[in-house]
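Structural overview
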Amino acid sequence: MVNHLWLKGRFWLDSLVNQQGEKSILADYQRALTNQFNHTIFDAKLMAIDLEMTGLNAEKDQIISIGIVPIIQGQIPLSKAQHLMISIDGSVGQSATVHGIVDHQLDDALPIDLAMNWLLKETQGYILVAHHAPMDMAFIQKNLHSVFGQKALLPFIDTLAIEKTRYLRQHDHLVKGCVRLGQSREHYHLPVYGGHNALIDAIACAELFLAQVSALGGAKNIKCYELIGLTK
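Residues numbered from 1 in each chain as written. Predicted model: local features only at pLDDT ≥ 70, side-chain atom pairs only at ≥ 80, totals over all residues. Heavy atoms only, no water.

The subject of this paragraph is the nonpolar core. When a protein is soluble and globular, its nonpolar side chains tend to lie buried together. Residues Leu46, Ile49 and Ile66 are the most contacted members of the largest nonpolar core, which totals 57 residues. Once residues lying within four places of it in the same chain are set aside, the contact partners of Ile49 are Ile66, Gly67, Ile68, Leu119, Leu128, Val129, Ala130, Asp136, Met137, Ile140 and Ala202. The next biggest cluster of nonpolar side chains, apart from the first, holds 7 residues, and it includes Ile88, Val92, Ala96 and Ile101. (Core = buried A, V, L, I, M, F, W, Y, C linked by side-chain atoms within 4.5 Å. Buried < 20%, exposed > 50% of the residue type's maximum accessible area, 1.4 Å probe, protein only. Contact = heavy atoms within 4.5 Å.)

What follows concerns the sheet that holds strand S5 (residues 154-158). Where strands meet in a sheet, backbone hydrogen bonds hold them as pairs that are either parallel or antiparallel. Taken in spatial order, the 6 strands of this open sheet run S3-S2-S1-S4-S5-S6, and their pairing is mixed. Here the strands that pair on one side only, and so sit at the sheet edges, are strand S3 (82-85) and strand S6 (228-231). Strand after strand, the sheet turns through a mean of 30° between neighbouring axes, direction not considered. Sheet topology note: the strand S1 (residues 46-53)/strand S4 (residues 127-130) ladder contains 3 bridges and is parallel. Across the sheet, Ala48 pairs through a bridge with Val129, a residue of S4. Lying over the sheet, helix H4 (residues 112-123) contacts S1, strand S2 (63-71), S3 and S4, oriented at roughly 5° with respect to S2. (Pairing = 2+ DSSP bridges. Helix = DSSP H or I, 4+ residues; strand = E, 2+ residues; numbered from the N terminus. Axes fitted to C-alpha atoms, helices over the stretch in contact; angles between N-to-C directions.)

The phi angle at Gln73 is positive, at roughly 50°, despite the residue not being glycine. If you check the backbone angles, His189 has positive phi at about 60° while not being a glycine. Turning to its location among the elements, His189 is positioned in the loop between helix H7 (181-187) and helix H8 (198-216).

So, about the side chain of Ser184. Take Ser184: it is sitting in helix H7. Contacts of Ser184, omitting those with residues within four sequence positions, involve His131, Glu163, Cys178, Val179 and Leu208.

Structure below.
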């Protein structure tokens, strides 16, 4: 767990480094987050996110879709949910068997540079919430670096990490697959959704997070910085 004052200072200092040229977009993004860390989960601006990719290696695989949905005062406003398709170099290949997206569906998709600008615009001021967040953050960071020549300091909340902690309080060791998104939702008696669609998985993650927070003591009793991880 990190201190909210340390987080605020770290983001403020990092934003000073990125003030010039195209990097100013990253500086603005980071400054917009500095007042979120000491808010309760109920009052904070949170955005559940999920990516679908051509594979699991951020260095060689590509993002093909992004789903986002905000979490506002314990509610998930589905009218504000968004799903973006992204064009790639080459073919989706065998990954289509996982996410169901085939090459021709990306014909009119957004190029990755515009997609990263869209992501920064739509999530500015929001703390990202994802299941297995470090993987999604690795893909975002790799593409931010490709587009802006610089990674960004990104705070995130990982619902898989929360679930892993809960599970290990009750069991001696993890069982393979026990903290996957579907299995984690099952523990809280949440409905079964079809997986591997970025928007559906983002919504599923948002619902799981609210269930986890409720079990931990309630959204008004937990500060954001208590759950935040950090990547750059």
